[in-house]
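Reading the structure
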Amino acid sequence: MNTLAVNQLSTFRWDLEEDAQAYAAHGFAGIGLFRPKLDDFGIERCIELLADVELSVTSLSWAGGFTGSDGRGFVDAIRDAMTAVTDAANLRADTLVVLAGGRNNHIRRHARRTLCEALEKISVFAEEFGVRIALEPFHPGCGHEWSFVNDLESTMQIIEMVGSPNLGLVFDTYHVGMDDDVLQWLPHVCDHVHLLQVGDGRHSPLGEMNRCLLGEGCVPINEIVHTLLEHGYQGPIEAEVIGEDVEPLEYEMVLDHTRRYLNQLIESKVY
């Protein structure tokens, strides 16, 4: 049974306690944690709270920025990622999400070499703690400062170059689901998907992430999710709904809509 979850970015204005209480009340079994919210709340308090409301941690976001695009040096980014690994282990998180960082004026070959070096170091450390890490590709229309890794092909190339058994990918339908050939890629990437994030949009990103309510955009969510399930994906299905289109909406309504959509999505799957 795939754990249905919500990423905390979906309820950005709430604190961690509000998130956890509301997600559980709406019938979700998991939560995708956002590190700034976790830091504000405290990891020990978080562990106790999630045990009380019976939520598992489907993901911890993010570690990364190894190219220096966020102002940190390589060593500092590695140190921060290792802190995130230990937090993920304490939280029993299903996976730690990693972002490559922007190119930061590097040539692409150097940026990729830097990323692979970082992932090799983090993977070895994460294996000791039993933590899986997952590289997330970002659509170039909204994420050039976050990641120079923009599609499934380049993500798979990096995973193969690193060659770690606990390194996989985040398949976010908003970032990669609008590619014309996405359905053809699914059988090849399914075994490497550690986290399936579900997001929708009315058009390709143009500057910033602007997702809409699930099912109201142009992303072929049903086909993507059902194909991954058919090929054996058993991990979490985590909703991420954020952007100007949904910002005016009440979070309770967003959660209610998301839960109903995911229920229908799973129930419509024919095995």
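We now turn to the structure provided with this report. (Residues numbered from 1 in each chain as written. Predicted model: local features only at pLDDT ≥ 70, side-chain atom pairs only at ≥ 80, totals over all residues. Heavy atoms only, no water.)

Quick look at a negative patch on the surface now. A cluster of like negative charges, contributed by Asp15, Glu17, Glu18, Asp39 and Asp40, occupies part of the molecular surface. Listed by contribution, the elements that provide at least two residues to the negative patch are α1 (16-25) and α2 (35-41). Structurally, Asp39 can be placed in helix α2. Classification of Asp39 by relative accessible area gives exposed; the value is 55%. (Patch = residues over 30% accessible without salt bridge, like charges linked within 9 Å, V, L, I, M, F, W, Y side chains within 5 Å. Areas by Shrake-Rupley, 256 points an atom, 1.4 Å probe, with all protein chains shown as cover. Salt bridge = Lys/Arg side-chain N within 4 Å of Asp/Glu carboxyl O. Lys, Arg positive; Asp, Glu negative; His and termini not counted. Charge placed at Lys NZ, Arg CZ, Asp CG, Glu CD. Helix = DSSP H or I, 4+ residues; strand = E, 2+ residues; numbered from the N terminus. Buried < 20%, exposed > 50% of the residue type's maximum accessible area, 1.4 Å probe, protein only.)

Scanning all chains against the criterion turns up 0 disulfides. This cysteine, Cys142, is not joined by any disulfide, and Cys218 carries the nearest cysteine sulfur, 13 Å off. By relative accessible area, which is 5% here, Cys142 ends up buried. (Disulfide = S-S within 2.5 Å.)

Time to look at empty space enclosed by the protein. Applying the stated rule across the entire model yields 1 cavity of 30 Å³ or more. There is about 40 Å³ of room inside the largest cavity. For the largest cavity, the full set of lining residues is Asn7, Leu9, Leu33, Phe34, Ser61, Trp62, Gln197 and Glu240. Class assignment for the residues of the lining of the largest cavity results in 4 nonpolar, 3 polar and 1 charged. (1 Å grid on protein atoms, 1.4 Å probe; cavity = no way out; pocket = protein on both sides within 12 Å on 5 of 7 lines; lining within 4 Å. Points joined across faces, edges and corners; volume = space filled by probe spheres on them. Nonpolar A, V, L, I, M, F, W, Y, C, P; charged D, E, K, R; others polar.)

Between helix α9 (residues 221-230) and helix α10 (residues 251-267), whose axes approach to 10 Å, the crossing angle comes to 50°. Put simply, α9 runs oblique to α10. You can see that α9 and α10 cross each other, and the crossing is right-handed. Contacts between α9 and α10 pair Ile221, Asn222, Val225, His226 and Leu229 from the former with Tyr261, Leu265 and Ile266 from the latter. Residues belonging to the contact of α9 with α10 are distributed by class as follows: 6 nonpolar, 2 polar and no charged. (Axes fitted to C-alpha atoms, helices over the stretch in contact; angles between N-to-C directions. Parallel < 35°, antiparallel > 145°, perpendicular 65-115°, else oblique. Left-handed = near helix turned anticlockwise from the far one by under 90°. Contact = heavy atoms within 4.5 Å.)

As a further point, take the nonpolar core. Among the nonpolar cores identified, the biggest contains 83 residues, and Leu33, Phe66, Leu115, Phe171 and Leu262 are the most heavily contacted of them. Of all hydrophobic cores here, the second largest spans 9 residues; its members include Leu9, Ala134, Phe138 and Val170. (Core = buried A, V, L, I, M, F, W, Y, C linked by side-chain atoms within 4.5 Å.)

Turning our eyes to something else, we now look at the environment of Gly201. Assignment of secondary structure puts Gly201 in the loop between β7 (193-198) and α9. On the basis of relative accessible area, Gly201 is assigned to the buried category, the value being 0%. Those residues in contact with Gly201 that lie beyond four places of it in its chain are Tyr174, Met178, Asn210, Cys212, Gly217, Cys218 and Val219.

Our focus in this paragraph is helix α5 (residues 108-129). With 22 residues, α5 extends 31 Å from end C-alpha to end C-alpha; this agrees with the ideal 32 Å at 1.5 Å per step. Along α5, the residues classified as buried are Ala111, Thr114, Leu115, Cys116, Ala118, Leu119, Ile122, Ser123, Phe125 and Ala126. Close packing links the buried residues of α5 with α4 (74-91), β4 (96-99), β5 (133-135), α6 (152-162) and β6 (167-172). (Expected span 1.5 Å × (residues − 1).)

Our next topic: the side chain of Glu240. Within the secondary structure, Glu240 is located in the loop between β8 (237-239) and α10. Take Glu240: its relative accessible area is 5%, and that puts it in the buried class. Here the side chain of Glu240 touches Arg211 through a polar contact of 3.1 Å, side chain to side chain. Residue contacts for Glu240: discarding those within four places in its chain leaves Asn7, Leu9, Ser10, Asp172, Gln197, Val198, Gly199, Met209 and Arg211. (Polar contact = N/O pair within 3.5 Å; in protein donor to acceptor, adjacent residues only side chain to side chain.)

Here the largest pocket is characterised by a volume of approximately 440 Å³. Forming the walls of the largest pocket are 21 residues, and the residues nearest its centre are Leu9, Glu208, Met209, Ile242 and Gly243. Class assignment for the residues of the lining of the largest pocket results in 13 nonpolar, 3 polar and 5 charged. In this structure, the second largest pocket encloses a volume near 320 Å³. Lining the second largest pocket we find 17 residues, and of these Trp62, Ala63, Asp70, Arg72 and Trp146 sit closest to its centre. Contributions of two or more residues to the lining of the second largest pocket are made by α2 and β3 (56-64). Here the residues of the lining of the second largest pocket sort into 6 nonpolar, 5 polar and 6 charged.

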